[in-house]
Amino acid sequence: MNAIQDLPARDPADRSARQSEVVTALRPLLPPHALLYQPEDTTPYECDGLTAYRQRPLLVVLPETEEQVAAVLRTCHRLGVPVVARGAGTGLSGGAMPHAMGVTLGLAKFNRILKLDPYSRTAVVQCGVRNLAISEAAAPHGLYYAPDPSSQIACTIGGNVAENSGGVHCLKYGLTVHNVLKLRGFTAEGDPIEFGGDALDVPGLDLMAAVVGSEGMLAVVTEVTVKLTPKPQLARCVMASFDDVRKAGDAVAAVIAAGIIPAGLEMMDKPMTAAVEDFVHAGYDLDAEAILLCESDGTPEEVEEEIGRMTAVLQSAGATRIEVSQNEAQRLKFWSGRKNAFPASGRISPDYMCMDSTIPRKRLADILIAIAEMEKKYQLRCCNVFHAGDGNLHPLILFDANDPDQMHRCELFGADILETSVAMGGTVTGEHGVGVEKLSSMCVQFSPEEREQMMALKHAFDPHGLLNPGKVIPTLHRCAEYGRMHVKKGLLPFSELERF
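Position numbers for residues start from 1 in each chain and track the written sequence from start to end. Per-residue local features of the predicted model are confined to residues with pLDDT of at least 70, and side-chain atom pairs are confined, for both listing and counting, to 80 or more; whole-chain, interface and lining totals are unaffected and use all residues. Heavy atoms from the whole structure form the basis of all side-chain values; hydrogens and water molecules are not counted.

Draft legend 1. Broad picture of the pattern of salt bridges. A carboxyl oxygen of Asp or Glu within 4 Å of a side-chain nitrogen of Lys or Arg is what we treat as a salt bridge. Tallying each qualifying case throughout the model produces 25 salt bridges. When the shortest N-O distance is used, the salt bridge between Asp366 and Arg363 registers 2.6 Å. Under the relative-accessibility criterion, Asp366 is labelled partly exposed at 21%. A salt bridge links Lys438 to Glu437; its shortest N-O distance comes to 3.1 Å. This pair shows no difference in class: Lys438 is buried, exactly as Glu437 is. Linked by salt bridges that have partners in common, Glu66, Arg184 and Glu223 make up one network. Relative accessibility under 20% of the residue-type maximum defines a buried residue, over 50% an exposed one, and the middle range a partly exposed one, all with a 1.4 Å probe and only protein chains included.

Take a look at the structure:
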């Protein structure tokens, strides 16, 4: 469903008058260059990494200090103006898509590392600091920041907090929520607020875990204290080829069942390996139906022992070819393909939509087979790459956004993947968030009572619903509409409609 169509129609005169009112109120609070409202200035902010959905904001503010952030929030709260916080704009679910009558709060200028303490293994960083920049700053101390999304060269820590991002090493080292200690920022009213603390545990409710992954709906985070991890002495990667996707999926389950927790465990199907091999020449087996990348890190002795155990499990699972990286350059080459899966897909299709759901590891082969059938059903190609170790799927549906029919089929394809994931015991998102892309699919996973509790939490933080409104938690009307649409298309029996 196109999110733009869900926005209420606005009279241009009303929009112009509202814009003038808000600009007049904010102008004394910001330098002239930090207040953007002309169409040519606000258009670059009309979408995030999910470019299929676009909406130009009423205006964009680019504050440079926390005092300016607080002042903007106080003013918007007084005027009843929605606020959508935005980092680097690399999100893939439309979580930072603007509100038509709201302010986009760009936080890219908050890009300083305020403190790095190698003894406590922590770093205090502003929300606009790039993910990779933290590891680069910590490297001289033998430390790094473990979560490593594929967009880590550009994505910001504030965005990582908003979406609870993971990356290829999240299986062993955890998601963002496992690697942050404290958050500082502001409420919708512009009041300062803090979550977590400098210790590993703090008194009271664990509200930080609620804010991480809340997609900017509960508070605006401006400062993050992250945990740093010692760099392992050695890391090696096993690349295993399989002539059947079920064997590859079963191999993932077998590795975990053997008590092995790899530093990374990724899976790519044949179309994806072909796309990335043509792009980065990582040395992938183009005859394989699927390949696994299994990494071990630690001391040389630990790595040698674990590589031996992983190799034995993969061989028993039916691997047709196994190659172990012999040096750091080869290890990075193996990973270069996985890290470049998205740009590689962009080379073979005008557009792609990257889905994000999770399933139990034992169902990896089942979902791949189901997606293959969906390709026939919707007449669109799909390349698949998985964080296989934790069952996080990233199917990339290839289409042409200039063709409305292809766009529609792509949306149906994506919704089908999400619903199938839930039916297999999974969830509608793993790390990309819900945003506008998966809003209706929340109706598939969560009951009306559960959604009501989510709204209650939102209301406790933001009573007037001004922070990133219309995202993540669908209204009862939206879910009922979604259910009726599925009944009409024959995808849902009428008897099931009332659960929406």
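Now that the structure has been shown, we can carry on.
Draft legend 2. Spotlight on the sheet that holds strand β10 (residues 220–227). Taken together, five strands build an open sheet; the order of strands is β5-β6-β10-β8-β9 and the sheet is antiparallel. Two strands in the sheet have a free side with no partner beyond their single neighbour: β5 (113–117) and β9 (192–196). Along the sheet, successive strands turn relative to each other by an average axial angle of 15 degrees, direction set aside. Note that strand β8 (residues 180–186) and β10 share six bridges and pair antiparallel. Whether two strands pair depends on DSSP finding at least two bridges between them. Think of it this way: any DSSP run of H or I at least four residues long counts as a helix, any run of E at least two long counts as a strand, and we number them from the N terminus. Comment: axis = line fitted to C-alpha atoms, over the contacting stretch for helices; angle = value between 0 and 180 degrees taken between N-to-C directions.

Draft legend 3. Local environment of the packing of helix α10 (residues 270–280) against helix α13 (residues 341–348). For the pair α10 and α13, the least separation of the axes is 8 Å and the interaxial angle reads 90 degrees. One way to sum up the angle between α10 and α13 is to call them roughly perpendicular. Where α10 abuts α13, its residues Met272, Ala275, Val276, Asp278 and Phe279 lie against Ala341, Pro343, Ala344, Ser345, Arg347 and Ile348. Residues are grouped as follows: Ala, Val, Leu, Ile, Met, Phe, Trp, Tyr, Cys and Pro are nonpolar; Asp, Glu, Lys and Arg are charged; every other residue, Gly included, is polar. In the contact of α10 with α13, the residues fall into eight nonpolar, one polar and two charged. To sort the angles, those under 35 degrees are grouped as roughly parallel, those over 145 as roughly antiparallel, those from 65 to 115 as roughly perpendicular, and the leftovers as oblique. By definition, residues are in contact when any of their heavy atoms lie within 4.5 Å.

Draft legend 4. View of the packing of aromatic side chains. Between 30 and 60 degrees the pair is tilted, below 30 it is stacked and above 60 it is edge-to-face, where a pair is any two Phe, Tyr or Trp rings, Trp via its six-membered ring, whose centres lie within 6.5 Å. Under the definition given, this model contains four aromatic pairs. Ring geometry for Phe342 against Tyr352: centres 6.2 Å apart, planes inclined by 45 degrees, an arrangement best described as tilted. One end of the pair, Phe342, is in helix α13; the other, Tyr352, is in strand β16 (residues 351–354), with 10 residues separating them in the sequence.

Draft legend 5. Quick look at the nonpolar core. Counting residues in each nonpolar core, the largest one holds 54 residues, and the members touching the most others are Met267, Leu314 and Phe413. Sort the elements by how many residues they give to this core and helix α14 (residues 364–378) lands first, with seven residues. Take the buried Ala, Val, Leu, Ile, Met, Phe, Trp, Tyr and Cys residues and link them wherever side-chain atoms come within 4.5 Å; each set so joined is a nonpolar core. Grouped together as the second largest cluster of nonpolar side chains are 31 residues, Leu59, Leu62, Val83 and Leu105 included.

Draft legend 6. Summary view of the side chain of Glu266. On the secondary structure map, Glu266 appears in strand β13 (residues 264–269). Looking at Glu266, its side chain comes within polar contact range of the side chain of His387, at 2.8 Å. Identification of polar contacts relies on pairs of N or O atoms within 3.5 Å, with a donor-acceptor requirement for protein atoms, meaning one able to donate a hydrogen and the other able to accept it, and with residues adjacent in sequence counted only if both atoms are side-chain atoms.

Draft legend 7. Structural context of the confidence of the model for the chain. pLDDT is defined as a per-residue confidence score from the predictor, taking values between 0 and 100. With 92% of its residues at a pLDDT of 70 or more, the chain has an overall mean of 92. Here residues 1–9 is a poorly scored stretch, pLDDT under 50, and it has 16 contacts once near neighbours within four places are set aside; other chains count.

Draft legend 8. Unusual backbone geometry, seen in detail. In this model, His281 sits at a positive phi of 55 degrees, which is unusual for a non-glycine residue. Inspection of the secondary structure puts His281 in the loop between α10 and β14 (290–298). The backbone of Gln379 sits at a positive phi, close to 55 degrees, despite the residue not being glycine. The topology assignment puts Gln379 in the loop between α14 and β18 (381–387).

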